[in-house]
Amino acid sequence: MQNIDWSSLSFGYVKTNYNVRCYYRNGKWGELEISSSEQVSMHMAATCLHYGQEAFEGLKCYRGKDGKVRIFRWKENCKRLQSSAEAIMLAKVPDEIFKAACWKVVQLNKDFIPPYGTGGTLYLRPLLIGTGEKVGVGPADEYLFMIFVTPVGPYFKAGFKPVKMQLVRDYDRAAPMGTGHVKVGGNYAASLRAGERAHHEGFAASIFADAKTKQYIDEAGPANFFGIKDGKYITPDSGSILPSITNLSLRELAADMGLVVERRHVPIDEIGTFEEAGACGTAAVISPIDSIQDRENGTVYQIAKNGEPGPWCQKLYKRLTGIQFGEEEDKFGWCEFVDVD
Ligand SMILES: Cc1ncc(COP(=O)(O)O)c(C=O)c1O
């Protein structure tokens, strides 16, 4: 076990012992390799550096109440990486390589899996990049798929507290027929200005309006939006948002817990009618939303009452993290065990 102060971990990078890598050359994937280097060496004309041929993923591994190590819904992350690869013409990583890489990197870094009870998890960051050189615009002939891991702390150190968000219309993170539905670096570059400005103006994150009409909620920074009212879990249906695996899981849990699930356009002026709202993603699971300020006209939609998360946000959060940490029955079969001993 590493000498780490588990309780002070944030969502940041901590050096671990190993990462795993696999190279695509001459039309095929090679063997999985183990590396102890934090560096990647590549040609200066690699397509990931020039033409944005880069996709990534984020998933977590948990030390459960029973001491066992679980990985949550890796197949969904694998499918999403394949769909990102399809969208920007990267070589696709087959399921068996993705799975073997996840298992190997967790086993090699088992001492960095935060103990149960600390709220910490081991975050896996798969990365797929075009490494082949190209000067004219075009997809590379060579790719690198790698996974590194880093232990991360609980997202809410001060407890599960609602945050203020800012709705923006003067920046778009993705175009309607662009790449918003896949996890590629360019989307994040496009979202940086709005996000940094939101932080600077005192908000936890920006919420983007849909790029075409600016009438609907699209994505909540690096998370999906959901609202709850009248016994319904409502989340935007849009071709330019990332299909969040946390949102997928929350929809299944919400239905299981008796809520009606609606995926549809969510008009901005509906925000004020929600009894609860949240942003969901792997990092935080759920960030309950206190209020949303419309930056263009200054309207503030107050959602949370007395600065506290609502009952559904709490129930959903508890149920999902309960499954991930092995405290509740995993009746959907979302967790798979990694043998680390
Ligand atoms: C833009 C964006 N939306 C949504 C999410 C949430 O997705 P997930 O629940 O799969 O982590 C993420 C994080 O991966 C993201 O970067």
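Definitions and cut-offs
In every chain, residue numbers begin from 1 and rise along the written sequence. pLDDT decides what is reported in this predicted model: residues at 70 or higher carry local features, side-chain atom pairs at 80 or more are listed and counted, and totals for whole chains, interfaces and linings draw on all residues regardless. Based on all heavy atoms of the structure, the side-chain values leave hydrogens and waters out of the count. Helix numbers and strand numbers start at the N terminus; a helix is a DSSP run of H or I with at least 4 residues, a strand a run of E with at least 2. Expected span of a helix: the number of residues minus one, times 1.5 Å. Note that the bend at a residue is defined as the angle between axes fitted to the seven residues ending at it and the seven residues starting at it. Relative accessibility decides the category of a residue: with a 1.4 Å probe and only protein chains considered, values under 20% of the type maximum give buried, values over 50% give exposed, and everything between is partly exposed. Working rule for contacts: check all heavy atoms of both residues, and any pair within 4.5 Å makes them a contact. Start and end positions for the domains come from either an automated domain assignment or a database one. What counts as buried area is the accessible surface, traced by a 1.4 Å probe, that two parts surrender upon association, with contributions from both included. The term salt bridge refers to a side-chain nitrogen of Lys or Arg lying within 4 Å of a carboxyl oxygen of Asp or Glu. Within this scheme the basic residues Lys and Arg register as positive and the acidic residues Asp and Glu register as negative, but His and the chain ends are omitted. Here a polar contact is recorded for every N or O atom pair within 3.5 Å, except that within protein the pair must consist of a potential hydrogen donor and a potential acceptor, and residues adjacent in sequence are included only if both atoms are side-chain atoms.

Trainee: Would you take a moment to explain helix α4 (residues 185-200) for this structure?
Mentor: Compared with the 22 Å implied by 1.5 Å per residue over 16 residues, the 23 Å span of α4 between its first and last C-alpha is a close match. Residue L192 marks the point of greatest curvature in α4, where the axis turns by about 40°. Taken residue by residue, α4 has N187, S191, A194, G195, R197 and A198 as its buried positions. Contacts from the buried residues of α4 go to β9 (163-168) and β10 (205-209). Phi for G202, located one or two positions after α4, is positive at around 95°.

Trainee: Explain the domain arrangement of the protein here, please?
Mentor: Interfaces are frequently sized by the accessible area removed from exposure as the parts join. For the protein, the domain assignment lists domain 1 (6-152) and domain 2 (163-324). Averaged C-alpha coordinates put domain 1 and domain 2 at centres separated by 26 Å. Contact residues are listed per partner, giving 20 residues for domain 1 and 18 residues for domain 2. Here domain 1 packs against domain 2, burying approximately 1,600 Å² in sum over the two surfaces, 63% of which is carbon and sulfur. Interface area lost by domain 1 to domain 2 is led by F56, F72 and R80, which between them contribute 35%. Put simply, domain 1 and domain 2 have one salt bridge between them. Mapped onto the side of domain 1 that touches domain 2, the elements with two or more residues apiece are β4 (54-56), β5 (59-63), β6 (69-72) and α2 (74-87). Counting residues per element, the side of domain 1 that touches domain 2 draws most heavily on α2, which supplies six residues.

Trainee: Is there a simple way to explain the side chain of E276 in this structure?
Mentor: Assignment of secondary structure puts E276 in strand β15 (residues 276-281). K315 provides the closest opposite charge to the buried, salt-bridge-free E276, at an N-O distance of 7.5 Å. One polar contact links the side chain of E276 to the main-chain amide nitrogen of W312, over a distance of 2.9 Å. Contacts of E276, omitting those with residues within four sequence positions, involve F226, G227, I228, I303, G310, P311, W312 and C313.

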